[in-house]
Amino acid sequence: MTLPAWSYTRGPRRLAAAGLLLLVLGGCATPQLQEIIDDRPAGLAPSASVAGVPFYPQEDYQCGPAALAMTLNAAGAALTVQELVPQVWLPGRKGSLQVEMVAAARSHGFLALELHPSLADLLRELSAGHPVIVLQNLGLDWYPVWHYSVAIGYDLDAGRIALRSGRAQLEDLPLTTFEHTWARSGRWAMLALRPGSLPATAVADEYLGAAVQLESGGQLQAARSAYTAGLERWPDALVALMGLGNIAYASGQLADAEAAFRRAAAAHPDSVAALNNLAQTLYDRGRVKEARSTARRAAGIGGRLQPAARHTLELIEAHTTRPVAAPNWR
Amino acid sequence: MQTTQRIIARMLIVSLAWAGMPATAVHAALIPTDQVAAGRASPATSRDRVHAFLARADVRAEMERNGVDPQAADARVAALSDAEVDVLAGKLDSLPAGGDFGGIVGAAVFIFLVLLITDLLGLTKVFSFTRPIK
């Protein structure tokens, strides 16, 4: 029953406890830090410092809203901690849930993404100039003291990491200490970037998934920027092309929608969604013949989207076959 | 003469009706982006599972015992994004499942309440022994 509500520990707890003992005994290098020291990942700068991250000292226990405000404002927002409190703060628990931190960043139109539980990834993002919100457990595994702070820099040779934390504008921690406290939260970390910025460690599916959530939440401009940036790195990404097409269609820009769906269908000839949406857009633009043949292709592929494609085909055929029936009326 | 006019009128009606069709008649046939990602579980699945969990009589009883309005729980799930529902649904998988309820359901519901109700709604403070965030 020690399961913390805002953290789902991924690693073995005993290891973390053993890690703390090591820290107390002598501060030996922690596992992921040791890997980085032994074999520095290619492209990882020896040190980095993120500029332009404001500092708001937290009020009673409100490290979540404060960390979020610092990160979002660094990315171009103009929010106060007090504005964010009702969105992520839980009076009953005196804390903030991770899912709500992510959801709040997204609801303000920022690309919110959890990082992989990897120190190297965290440092890579800092190296790319992205502040990172981290969840630490400053206490023990069985006596947790949860804390959000914002990582803003590091120096591998000195073995230090710089944080905006609590009431400290600059907390300069040994990386070993940081990793111990971070490991006990399951190495939870998140980015909140201005849409159009690409995370340094982005994996296509996860990045595009975050962009889709922006779109689903009605942040169409933000989603459009995120999809466009994604296409620069993954030029054929189906989700990005479909997202751009769907946003253009929803905005009534049918020519742009057609171009995006065409590109999607060309790169993914077996995509039911690409063909289906292309057929619909062509139909809306009055190109009925091509719409019908495209809808037939979509409906013939199969898969879980087949019912939707068949529905589109039926609708198009129901209207385009009517003139054939017309002679009966005369 | 009248017959010719009638034929022309009918042809006009037919052709105008047809011309007007494409722009107005077919709607909502687009497949949304969140359905595109290949291999991803349908978001509805996770959502359905969470709602099904919340709808169970034993779960409802446990909620009411903790002073939580089950409808408020439903509303909060509806407000979460699909991914966040997935997190909760993933949590459900790790809970003990099976025929023998009693204490197990109590524990499962307890964890779930802490995750979903106590924390999200801030209605109660079930975990009196947890440490606050500094």
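Our structure's up above, just so we're on the same page.
My aim in this report is to walk through the structure given alongside it, one point at a time. Per-chain numbering applies: the sequence of each chain, read as written, is numbered from 1 onward. Ligands are numbered from 1 and chains lettered from A, in the order in which they are written. It should be noted that, the model being predicted, local features are given only for residues of pLDDT at least 70 and side-chain atom pairs only at 80 or more, the latter also being counted only at that level, while totals for whole chains, interfaces and linings use all residues. Excluded from the side-chain calculation are hydrogens and water; included are all heavy atoms of the structure.

Some details on the overall build of chain A
Line of reasoning, step 1. A run of DSSP states H or I qualifies as a helix once it reaches four residues; a run of E qualifies as a strand once it reaches two. Both are numbered from the N-terminal end. Counting secondary structure elements, chain A contains 15 helices and seven strands.
Line of reasoning, step 2. Partly exposed describes any residue whose relative accessible area lies between the buried limit of under 20% and the exposed limit of over 50%, with all areas from a 1.4 Å probe on protein chains only and scaled to the type maximum. Within the span of chain A, comprising 330 residues, buried residues form 55% of the whole.
Line of reasoning, step 3. In this description, contact between two residues means that some pair of their heavy atoms is separated by no more than 4.5 Å. Long-range contacts, defined as pairs at least 24 residues apart, comprise 62% of the intrachain contacts of chain A with a sequence gap of at least 6.
Line of reasoning, step 4. Areas reported here follow the Shrake-Rupley algorithm with a probe of radius 1.4 Å; residue values treat only the protein chains shown as occluding. For chain A, the exposed area adds up to about 13600 Å²; of that, 54% sits on carbon and sulfur atoms.

Looking at the overall build of chain B
Line of reasoning, step 1. Tallying secondary structure elements over chain B gives six helices and zero strands in all.
Line of reasoning, step 2. In sequence order, chain B lays out its α and β elements as α-α-α-α-α-α.
Line of reasoning, step 3. Buried residues in chain B amount to 37% of all 134 residues.
Line of reasoning, step 4. Within chain B, residue pairs in contact and separated by at least 24 positions form 63% of the contacts whose partners lie at least 6 positions apart.
Line of reasoning, step 5. When the accessible surface of chain B is summed, it comes to about 7200 Å², and 61% of that surface belongs to carbon and sulfur atoms.

Let's talk about the packing of helix α12 (residues 272–284) of chain A against helix α13 (residues 288–299) of chain A
Residue and element names in this part refer to chain A.
Line of reasoning, step 1. At a minimum axis distance of 8 Å, the contact between α12 and α13 shows a crossing angle of 160°. Judged by the angle between their axes, α12 and α13 are roughly antiparallel. The crossing of α12 and α13 is left-handed. Of α13, the residues touching α12 (which contributes V272, L275, N276, L278, A279, L282 and Y283) are V288, E290, A291, T294, A295, R297 and A298. Axis lines are fitted through C-alpha atoms, for helices just across the contact stretch, and the angle between N-to-C directions can take any value from 0 to 180 degrees. Oblique is the label for any angle not covered by the other classes, which are roughly parallel (under 35 degrees), roughly antiparallel (over 145) and roughly perpendicular (65 to 115). Here a crossing is taken to be left-handed if its near helix is turned anticlockwise relative to the far helix by less than a right angle, and right-handed if that turn runs clockwise.

Brief notes about the pairing of strand β3 (residues 132–137) of chain A
All names here are of chain A.
Line of reasoning, step 1. For β3, a buried count of six out of six residues is recorded, marking the element as mostly surrounded by other parts of the structure.
Line of reasoning, step 2. Neither face of β3 is left uncovered, since the one carrying V132, V134 and Q136 and the one carrying I133, L135 and N137 both have all their residues buried.
Line of reasoning, step 3. As paired strands, β3 and strand β4 (residues 146–155) are joined by six bridges and run antiparallel to one another. Among the inter-strand pairings, V134 is bridged to a residue of β4, identified as S149. Only strands joined by at least two bridges in the DSSP assignment are considered to pair.

Some remarks on the pairing of strand β7 (residues 189–193) of chain A
All names here are of chain A.
Line of reasoning, step 1. Counting buried positions along β7 yields five of five residues, so the element is predominantly enclosed.
Line of reasoning, step 2. Here β7 shows no split at all, with A189, L191 and L193 on one side and M190 and A192 on the other all buried.
Line of reasoning, step 3. Looking at chain direction, strand β2 (residues 111–114) and β7 are connected through four bridges and run antiparallel. For L111, the partnering residue across the bridge sits in β7 and is L193.
Line of reasoning, step 4. Examined bridge by bridge, β3 and β7 share two bridges and lie antiparallel to one another. Note that in β7 the partner of V134 across the bridge is A189.

Remarks on the packing of helix α2 (residues 31–38) of chain A against helix α6 (residues 119–127) of chain A
When two helices pack together, their arrangement is given by the angle between their axes and by how far apart the axes lie.
All names here are of chain A.
Line of reasoning, step 1. Packing of α2 against α6 leaves a shortest axis separation of 9 Å and a crossing angle of 65°. The angle between α2 and α6 places the two elements in the roughly perpendicular class. Judged by residue contacts, Q32, L33 and I36 of α2 engage L119, A120 and L123 from α6.
Line of reasoning, step 2. Here the residues of the contact of α2 with α6 sort into five nonpolar, one polar and no charged. As a working rule, the residues Ala, Val, Leu, Ile, Met, Phe, Trp, Tyr, Cys and Pro are called nonpolar, Asp, Glu, Lys and Arg charged, and the rest polar, with Gly in that last group.

With respect to the pattern of salt bridges
Residue and element names in this part refer to chain A.
Line of reasoning, step 1. The salt bridge definition used is simple: a Lys or Arg side-chain nitrogen within 4 Å of an Asp or Glu carboxyl oxygen. If you walk through the whole model with that rule in mind, you get ten salt bridges over all chains.
Line of reasoning, step 2. Close ionic contact of R187 with E179 constitutes a salt bridge, the shortest N to O distance being 2.6 Å. Across the pair, exposure class does not vary: R187 and E179 are buried alike.
Line of reasoning, step 3. By sharing partners, the salt bridges in this structure join E258, R262, R285, R287 and E290 into a single network.

What about helix α8 (residues 204–216) of chain A?
Line of reasoning, step 1. Relative to the 18 Å expected for 13 residues at 1.5 Å per residue, α8(A) spans 18 Å between its end C-alpha atoms, a close match to the ideal helical length.
Line of reasoning, step 2. Looking one or two residues beyond α8(A), the residue adopting positive phi is G218(A), at roughly 85°. By definition here, a helix of n residues has an expected span of 1.5 Å times n minus one.

Here's the deal with the nonpolar core
All names here are of chain A.
Line of reasoning, step 1. If you look at the biggest cluster of nonpolar residues, it comprises 58 residues, and the most contacted ones within it are L68, L119, L122, I133, F178 and M190.
Line of reasoning, step 2. The leading source of residues in this core is helix α3 (residues 63–74), at seven residues.
Line of reasoning, step 3. Of all hydrophobic cores here, the second largest spans 52 residues; its members include A202, Y227, M242 and A291. Think of a nonpolar core as a cluster: buried Ala, Val, Leu, Ile, Met, Phe, Trp, Tyr and Cys residues, connected wherever their side-chain atoms sit within 4.5 Å.

A look at the packing of aromatic side chains
All names here are of chain A.
Line of reasoning, step 1. Only centres within 6.5 Å qualify two rings of Phe, Tyr or Trp (six-membered ring in Trp) as a pair; their planes then separate them into stacked at under 30 degrees, edge-to-face at over 60, and tilted for everything else. In total, this model carries three aromatic pairs over all chains according to the counting rule given.
Line of reasoning, step 2. Between the aromatic rings of F178 and W182, the centroid separation amounts to 5.6 Å while the plane-to-plane angle is 20°, which identifies the pairing as stacked. Pair noted here: F178 and W182 are both in helix α7 (residues 175–183), with a separation of four residues, about one helical turn.
Line of reasoning, step 3. Residue W182 is classed as buried on the basis of its relative accessible area of 0%.
Line of reasoning, step 4. Between Y207 and W234 the ring centres are 5.8 Å apart and the planes differ by 45°, which places this aromatic pair in the tilted class. Of the two residues, Y207 is situated in helix α8 and W234 in the loop between α9 (220–233) and α10 (238–250); the sequence distance between them amounts to 27 residues.

What about the environment of A248(A)?
Line of reasoning, step 1. Within the secondary structure, A248(A) sits in helix α10.
Line of reasoning, step 2. Ignoring sequence-local partners within four residues, the contact set of A248(A) consists of Q253(A), D256(A) and A257(A).

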